[in-house]
Amino acid sequence: MGIIIEAINLCKTYKMGEISIEVLRGVNFAVNQGEYVSLMGPSGSGKSTLLYLLGGLDKPTSGGIKLKGRELALMKDKEESEMRRREIGFVFQFYNLVPNLNLEENIMLPILLDGKKLKQYKNRLDEILELVGLSDRRRHTPRELSGGQQQRVAIARALVNDPDIILADEPTGNLDSKTGTEILELFKRINKEKGKTIVQVTHSHEAAQYGTRIINVKDGRVWE
Amino acid sequence: MSIIFKFTLRNIKEKKLRTFLILLSIIMSSALFFASTAVSTTVEMIIMEQVRKYYGSADIIVTAGEQAKSWAISPNLLDNCPEGVKYAAGMIHGGGEYKEKGETVRIGIQGINLEDLDKMNPIILEQQHELIPFKGSKAIIGKGMAEEYGLKPGDPIGIYMNGLKKWFIVSGISQPIGPFLEDGENRYIVVPRETMAGLYGNKGKVSEIYVGLEDSSEQDMMVEKLSKAYPMYRVEPTISKAMIKSETQQISAMFLVIVVFVMILSAFIIYTSFKVIMAERLPVIGTFRSIGATKKMTNRVLMVESMVYGIIGGILGDILGISILKLMIMQITPIWESNIDFKAYYTIGQLIMGFCVGLVLSLISSFLPIRKVSKIQIRDIVLNSVEKKFKKKRWKTVLGILFLAIAVVVPRVTPDNTAIAVGIMCMFLLVPAVVMLVPHITNSFLKLFQFIYAEVFGNEGILAAQNLRDNKNNLNNIILLGMSISVLLMIYTLSQSIINDTVNYYKEVKYDITFWTWPANRSTENKLLSVDGVMDTYGEYFKYGETQVMGKNTEIKSILGVNKNKTLDYLILDIEGDAEKLVKELDEGRNIIITNIFKDEHGIKKGDYLKLKTEKGVFEYKVIGFIESNRSEGKFALIGERFLKSDMSVKEYSDIYIKTNKDSEEVVKNIQEKFKNRNPWVRSVEQSMKENMEANSKILGIFNGFGIMALVICVFGVFNNLIISFIDRKRSLAIMRSVGMNKRQTLKMIFVEAFTGGLIGGLTGIIIGLLLIMNVEKVIEALGGSIKEFIQISWISLAACVIVGIAITIAASVGPAFRSSKLDIIDAIKYE
Ligand SMILES: Nc1ncnc2c1ncn2[C@@H]1O[C@H](COP(=O)(O)OP(=O)(O)OP(=O)(O)O)[C@@H](O)[C@H]1O
Ligand SMILES: [Mg+2]
C-alpha cells in the first residue's frame, strides 16, 4: 500500500502585525492508503490548521504536501479544485453548510460542481441519506436542523462523491454519544470495507480508538 | 449617549458607499422635486417676460368697439377710472419698414408718452440725446437694433410708413428690456404719442389703452367690470395670467408624476439600506441596551442619523436642484434667448419644500426598520436568535395580486371625469404590487427556466438559480431595476410616440407651405399664384372664438369653413362615413359636423339641430355627421364656407395653404420676396416639422433626463446590493470552494446570477412599463388627448430594457467577482 498523504517540513506562521505566531514548525509525516488516522492535541495546537493544509484549503508558509504523489503547491486552481471534490471529503468542525440550500442540495454540491447530471445520482443520494439517517429531512434547510443533524449532512456531503480521502475536523464534537458512535462506526466501516483513508481530528481518546493510528500535535510539531 | 453617537459616526465613515447611496437618493429626490415645482414659476416668468414686450405690466387692453367707425379712441377715457386701476396708458400702435444694408426689416412702432411707458413698461436708457421733451420726431430704439445698424444718439433713422419715408432722430438707446426685448420676432421703436397720432391723422387720439391694475389677480373681475362700464368699447385681458399659471402648472404636474417615481425608488433604497444598517448594528444595539441604554436612546440615535442624512441630502438636493432647473430652462428656452443670460426663478418656499422632501423621505423610509428593531427583545439580540428566516407571507401575495388587478382593470372602467386621478393612482399602485409580487415572479421564473438553465449554463446555472431563490438582495435588485426600467420605458415610448406622431402628421400633410399675412383674401391668393413655383392654393376660413350653442349651455370654440372643392384636398379631416358626400352637404345648407367628443358630451344625434348664436343672430344648423378630433377640446365644428362668411362674418383667410411644383424652400424665398413689404408668415411643411420636433424634443429631453436619473439611482442601488450580497455570501462561497468549486466556476456562477437578476429585472420592467403606458394612455385620453393610435412600442426598446438590466447587474458584479477569486477560504469559514 502506497503513501497517499505526505507532509514534508510543513510550516505555518500567522502574522498579526509585528507578532507572528508559528503554529506549525516543520511537520513531517506520511499516511498510507487505507489508514484511519486520528490527530490529537490541546486546543489551539494547530490541528485544524494542519487539516486545512492537507486539504489544500490553505497554503503553507513553507514545506510541501503531496496527495497521491502530486505536489499540491504545483497544482493549478482547476486541478486543485477537482482534487477537492473528487479525492477529498472534508468535514468541518463547524459543519459549514450553505444556508440557502436545502439538505439535498447541500449534499449534492460536489456532484454538481463536478459537472455531473444530478439525475444519475439519485440512488447515490438516497443511499447516503439512509446512511446518515436523514431520509425524512431532505427538503429542510440547515437552519431547520439541529447541530448533530447538520454535522451528519456535512458528513454525507463529504462522502457523496466517493472520495479516497476523508478529512474530518472533530466530526463528533457536537453529537450525542449515541450518534457520535454511529458516525465513528460508519467511518470505521468505510475505512475497512472500501479502503478509504481517513484523517480525523479529535479530543476524545475513545474516538481515537476507532482509528488505526494516532498522531499528536503540540507546539508546532507532531509525533506518534 | 455620546458613545452611541461616536459609534454611529464611525459606522457612517466605514460604510462610505452606503452613506453615499442614501445621500444620493435623497439628493436626487429633493433636487428633482424642487426643479419640477420651480420650473412652472420659471416658465411662467419667461412667458410673462416675453409678453411684457408687448403689454408691459398691463393687465387689460381697451380698444374701440365693434360698432365704432374708427379705431381712434380718447386717451382720457379712463381718467375718472374705477377703483382698482393703477394706470391707464394710451398708445398708438403702428408699423413700418426700415431698409438698411439691402434688407427690409419690419418695425413695430409704439406711440406713447414717456410717463406712460414708464408706468407700463419701463425701459433703461443707456444713451440719450436731447430726449426731453419727448416730442416731434424723436425716437427711442433698442440696443440690439442700434448695434446691428450702427445707430448712435442723434442719428437720423428713416422708416417707411405706408410707402412714405418718415424721418426720426435717435434720441435714446435702451437696454433690451420692455419693448426692446429681443425675442427674435418683432422689433419695436418708441416715438411720441402725438407724433404717431398725427401720422395716422387722428390727433389727440390713441388706438388702445393699456390698463394696469392694483391687484393683477383681479384681472378677470376687472375685465367684466370695465366691460360693463364701457359697453361701447372692447375690453380684454392682455394675457390671461390664470391661464398661463394653469398651463405652466400642468408642465410641473407632468414632471412631478415622474419625480414621485424617483422618490419611491429612493424611499425603497433608503428603506433597504436602513434595514442593512439595523442588521449590522443589532449586536451593538443589543449590547448598549443590555448595559442600560433605553429603547428611546437607541431609537433616537438612529433617527438622528436618518435626520442627518435627510438634512445634508436636502440641502445638497436644493443646490443640485437649482442646477437642474437651469438645465431644464436652458432646454426649454428658445434658441434666440440662449445667448441671453437666462435666469432661474424660484421661491424660498419651493426651496424649503425641496429640502423638506429630502428630510421627510429619509425619516419615513428609515422609520419602519428602526421601529422593527426597537421591538426586538434584548435577550434575542444578545443571544443572536433574531428570526432571520425569509418568511413568505400569504397576505402579501394576495394584496399584491389585488393591487395589480386594480391597476390593470380599474383605469379601463373608470368614467372620464375621474380618470386622471384614478389613472395616476393606479400607476402608483403598481409599485407596492411589484414589491409584493417580485418574489413570486422571480421564483416562478427560476422554476420555469431551471432546465433551460441547466442546459445552457451547466451545473453552475443550477447553482445560480438555487442561490437566487428568496435572495433578498437579488429581489431588491429586481425591484429597483423593474421600477426604473419601467419608468424609462414609459418615458421613452411616450416621447418616441409623440415624435413619430409629429413626423406622421407632417408626412400626411397634403400641402407644402403655410402662408399668412394681413389682410389675407382672394387678391392675396391671386398674388400668391403668380409666384414662381406656386401650383395651387387654398385659403382657409376659420372662426376662432366662442360661439354659443343655445339651450345646451356650452359653446363651440372653433369652426372651420369647409370648401367643398378644396378642403379635403388640403386638410386631413377624420370625418366618419363618406367624407366627400358630407362635405358637399355642408355646402348645400346650414349643416354642421361636430366632434365625437362634443356628441358624447351633449348626447347629440344625427339630425339634431344646433342653435348657434353669432353677432349676426341665431342660426339653426342640422347635425349631419361627426369628426374624430380633439381640436379645441372637442369644441370644434365644420360648416360650409359660405355660411361661415355670412353667419359668422368671417371675411379673411386664417391661413393660406400652398402646393408647389418646385422645391418648397425656394418657393418660400420667392414668396417672401414678393410679399416683403407685407411682413408675411411663411413656413414650409418641413420647416414647421423641424421647428415642432425641436420644441418637442427639448421638453422630451427633460423627461428622458428625469428617467435617466431614476436609472442612475437604481444603478448605485444595484451596486450597493451586490456588494452587500457578496459580504453576506462570503461564507457560502468559501464553502463551495472548499468542496471543490474552482475559481472559474465561481465566476461563472456569479455572472449567471447577475445575468438572471438583470434579465428578470428587465422583464419586470417591461411588464410594469407596459402597464404604466396603458395607464398614461388613459390619463391622456381623459385630458382630452389621444395617443393610442400612435403609441408604438418598438421591439428594440423592449430588448433595450432587458439589455440595460443585464448590463447593470453584470457591471455591478465585476467587483464582487474579482473579490471572490481572492477570497481567503479559511478566513471566511473558520468561525460560526
Ligand atoms: N487567521 C489566523 N490568524 C492568526 N492566528 C490564527 C489564525 N488562525 C488560527 N490561528 C492560531 O493558530 C493556532 C491554531 O489554531 P487551530 O484552529 O488550528 O487550533 P486547533 O488545534 O484546531 O484548536 P481547537 O481544538 O480548539 O479546534 C491558534 O493559536 C490560533 O489562535
Ligand atoms: Mg480546531
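A brief report on the enclosed structure follows.

Grouped together as the largest cluster of nonpolar side chains are 155 residues, with contacts concentrated most on A:Ile5, A:Phe29, A:Leu50, A:Leu167 and B:Leu463. Excluding residues that lie within four positions of it along the chain, A:Leu167 makes contacts with A:Ile5, A:Leu51, A:Leu54, A:Gly55, A:Ile88, A:Gly89, A:Phe90, A:Val91 and A:Val199. In terms of nonpolar packing, the next biggest core, distinct from the first, is built from 37 residues, B:Ile60, B:Val62, B:Ile157 and B:Leu226 among them.

Our next topic: a nonpolar patch on the surface. Nonpolar side chains collect at one region of the surface, where B:Met307, B:Val308, B:Ile311, B:Ile312, B:Ile315, B:Leu316 and B:Ile319 lie side by side and expose about 550 Å² of accessible area between them. You can see B:Leu316 is positioned in helix H8 (residues 295–332).

Right, let's get into the sheet that holds strand S2 (residues 19–32) of chain A. All names here are of chain A. Pairing within the open sheet is antiparallel, and its four strands lie in the order S2-S1-S4-S5. The two strands at the open ends of the sheet, each matched to only one other strand, are S2 and strand S5 (70–71). Across 11 bridges, strand S1 (residues 3–16) lies against S2 in antiparallel orientation. Pairing of Leu10 across the sheet is with Val27, part of S2.

Near ligand 1 lie 16 residues; those nearest to it are A:Ser43, A:Gly44, A:Ser48, A:Thr49 and B:Lys830. Those residues lying near ligand 1 are distributed over chains A and B. Taking A:Gly46, its main chain carries an N or O atom lying 3.0 Å from an oxygen atom of ligand 1. Within the side chain of A:His203, one N or O atom sits 3.0 Å away from an oxygen atom of ligand 1. Across the complex, the protein chains shield 73% of the 640 Å² of accessible surface that ligand 1 would expose by itself. Mapped onto the shell around ligand 1, the elements with two or more residues apiece are S1, S2 and helix H1 (47–54) of chain A. Among the residues making up the shell around ligand 1, the classes are represented as five nonpolar, eight polar and three charged.

Moving on, we come to the state of the cysteines. Across all of its chains, the model carries zero disulfides over all chains by this definition. A disulfide-free cysteine, B:Cys714 has its sulfur positioned 12 Å from the sulfur of B:Cys801, the nearest such atom.

In this model, B:Ile132 is joined to B:Pro133 through a cis peptide bond whose omega is -10°. Positionally, B:Pro133 belongs in the loop between strand S4 (125–128) and strand S5 (138–142). One non-glycine residue, A:Lys68, adopts positive backbone phi at about 50°. Tracing the sequence through the fold places A:Lys68 in the loop between strand S4 (62–67) and S5. In the Ramachandran plot, A:Glu170 falls in the positive-phi region, its phi being about 45° despite a non-glycine side chain. If you trace the backbone, A:Glu170 turns up in the loop between strand S7 (165–169) and helix H6 (177–193).

The rules behind each value
- Residues numbered from 1 in each chain as written.
- Chains lettered and ligands numbered in written order.
- Predicted model: local features only at pLDDT ≥ 70, side-chain atom pairs only at ≥ 80, totals over all residues.
- Heavy atoms only, no water.
- Core = buried A, V, L, I, M, F, W, Y, C linked by side-chain atoms within 4.5 Å.
- Buried < 20%, exposed > 50% of the residue type's maximum accessible area, 1.4 Å probe, protein only.
- Contact = heavy atoms within 4.5 Å.
- Patch = residues over 30% accessible without salt bridge, like charges linked within 9 Å, V, L, I, M, F, W, Y side chains within 5 Å.
- Areas by Shrake-Rupley, 256 points an atom, 1.4 Å probe, with all protein chains shown as cover.
- Salt bridge = Lys/Arg side-chain N within 4 Å of Asp/Glu carboxyl O.
- Helix = DSSP H or I, 4+ residues; strand = E, 2+ residues; numbered from the N terminus.
- Pairing = 2+ DSSP bridges.
- Near = heavy atom within 4 Å.
- Polar contact = N/O pair within 3.5 Å; in protein donor to acceptor, adjacent residues only side chain to side chain.
- Nonpolar A, V, L, I, M, F, W, Y, C, P; charged D, E, K, R; others polar.
- Disulfide = S-S within 2.5 Å.

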